[in-house]
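# Tertiary structure, described
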Amino acid sequence: MLTFTCHLTFITQGILLVRFNAPEFSSRLSSIPLPAGPSRPSPPILLSPEEVHAVFLERGGLLKDLLPHKTVIQDWQPFQALPGNHDLLHRKSLRWMADDNVRPRVASLCTPPFPVPAGPLCFYLNIDVFGSGLRGAQEQLLSHLAAHVPGLPADVKCQLFLPPTMWRPMADFCTSVLGFQLEKGYTEQYLLEADI
């Protein structure tokens with residue numbers, strides 16, 4: 001008789017959905033301060049496709065520390081951190097950032113904004129955050145917004161997928177510092193992994 005052992009693992013991410021007016025936010029983007037902290041992190045680094053491959057797919061220690069179960073979750077879709085998935089992710093025109101390209105504490109990836117087809121003109125922007133460095137995540141959020149929001153003519157709904165422990169401080173940052181409207185309270189997404 002054969003016996004199988006199955007290990008189920010849930011990966012949980014908090015979902016933070018905020019809304020803001022792009023022209024209004026763009027007009028004050030350069031004057032937004034970051035909250036004071038014990039030390040200023042390194043400025044966010046925009047990663048090239050080659051650096052993405054090296055940082056996310058080739059260094060086992062980094063994957064263990066930064067990505068949940070060696071999985072890149074991009075806009076609800078899980079991708080194992082394997083070389084074959086690098087090409088799939090590269091074709092999505094994502095903007096990848098990290099606080100360090102050798103030993104990052106936090107990394108993020110952002111989709112290009114896309115219009116929502118229903119109702120008044122509105123754009124959607126999805127940002128996935130991995131790691132634990134809150135201040136680095138705040139800086140990367142601002143960098144993604146600065147790269148994508150200027151020139152957009154309407155409201156933007158920005159959906160951040162992030163570690164659950166980071167949800168409340170990022171929600172406070174978005175509403176109190178950035179002046180965004182919180183669209184809904186705390187929600188989560190789950191990825192079920194099964195090892196048989």
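Refer to the structure above for everything that follows.
Residues numbered from 1 in each chain as written. Predicted model: local features only at pLDDT ≥ 70, side-chain atom pairs only at ≥ 80, totals over all residues. Heavy atoms only, no water.

## Focus: helix α6 (residues 164–177)
In a regular helix each residue adds 1.5 Å, so 14 residues correspond to 20 Å; α6 covers 20 Å between its end C-alpha atoms and thus fits that length. Downstream of α6 by one or two residues, glycine 179 has phi in the positive range, about 75°. (Helix = DSSP H or I, 4+ residues; strand = E, 2+ residues; numbered from the N terminus. Expected span 1.5 Å × (residues − 1).)

## A look at the packing of helix α5 (residues 134–148) against α6
Relative to each other, α5 and α6 sit at 45°, their axes nearing to 11 Å. Classed by the angle they form, the pair α5 and α6 counts as oblique. The chirality of how α5 crosses α6 is right-handed. Seen from α5, the contacting residues are Leu134, Ala137, Gln138, Leu141 and Leu142; seen from α6, they are Met166, Pro169, Met170, Phe173 and Cys174. Here the contact of α5 with α6 is composed, by residue class, of nine nonpolar, one polar and no charged. (Axes fitted to C-alpha atoms, helices over the stretch in contact; angles between N-to-C directions. Parallel < 35°, antiparallel > 145°, perpendicular 65-115°, else oblique. Left-handed = near helix turned anticlockwise from the far one by under 90°. Contact = heavy atoms within 4.5 Å. Nonpolar A, V, L, I, M, F, W, Y, C, P; charged D, E, K, R; others polar.)

## Looking at the pairing of strand β8 (residues 122–131)
When you tally the buried positions in β8, you get ten out of ten residues, the bulk of the element. The pairing of strand β6 (residues 106–110) with β8 spans five bridges and is antiparallel. Paired with cysteine 110 across the two strands is isoleucine 127, which belongs to β8. Bridge analysis of strand β7 (residues 114–115) against β8 gives two bridges, and the strand direction is antiparallel. (Buried < 20%, exposed > 50% of the residue type's maximum accessible area, 1.4 Å probe, protein only. Pairing = 2+ DSSP bridges.)

## Comments concerning the pattern of salt bridges
Note that side chains of opposite charge can pair when their charged atoms are close. Applying the stated criterion across every chain, the model contains four salt bridges. A salt bridge links arginine 19 to aspartate 155, with the nearest nitrogen and oxygen atoms 3.2 Å apart. Of this pair, arginine 19 sits in strand β1 (residues 7–21) while aspartate 155 is found in strand β9 (residues 155–162), placing the two residues 136 residues apart along the sequence. Aspartate 155 gets classed as partly exposed once you look at its relative accessible area, which sits at 23%. For the salt bridge of glutamate 24 with arginine 28, the shortest nitrogen-to-oxygen distance reads 2.7 Å. Linking glutamate 24 with arginine 28, this pair stays in helix α1 (residues 22–28), spanning four residues, or about one helical turn. Assessed through its relative accessible area of 21%, arginine 28 is described here as partly exposed. (Salt bridge = Lys/Arg side-chain N within 4 Å of Asp/Glu carboxyl O.)

## As for α5
With 15 residues, α5 extends 21 Å between its outermost C-alpha atoms, agreeing within 8% with the 21 Å of an ideal straight helix rising 1.5 Å per residue. Among the 15 residues that make up α5, twelve are buried, leaving the element largely enclosed by the rest of the structure. Those residues of α5 lying buried are Arg135, Gly136, Ala137, Gln138, Glu139, Gln140, Leu141, Leu142, Ser143, His144, Leu145 and His148.

## Some remarks on the state of the cysteines
Throughout the structure, instances matching the rule amount to zero disulfides. Cysteine 174 supplies the cysteine sulfur nearest to cysteine 158, a cysteine that is in no disulfide, at a spacing of 6.8 Å. The class for cysteine 174 is buried, based on a relative accessible area of 0%. (Disulfide = S-S within 2.5 Å.)

## Quick notes on the environment of arginine 135
Considering the arrangement of structural elements, one finds arginine 135 in helix α5. Judged by its relative accessible area of 19%, arginine 135 falls in the buried class. Residues arginine 135 and proline 169, spaced 34 residues apart in sequence, show a C-alpha to C-alpha distance of 9.8 Å.

## Description of the packing of aromatic side chains
This structure, assessed with the given rule, holds four aromatic pairs. Here phenylalanine 20 and phenylalanine 180 contribute two aromatic rings whose centre-to-centre distance is 4.2 Å and whose plane-to-plane angle is 15°, an arrangement assigned as stacked. Linking phenylalanine 20 in strand β1 with phenylalanine 180 in the loop between α6 and β10 (181–182), this pair joins segments that are 160 residues apart in sequence. The pair phenylalanine 20 / phenylalanine 180 is uniform in exposure class, with both members buried. (Phe/Tyr/Trp six-rings, centres within 6.5 Å; stacked < 30°, edge-to-face > 60°.)

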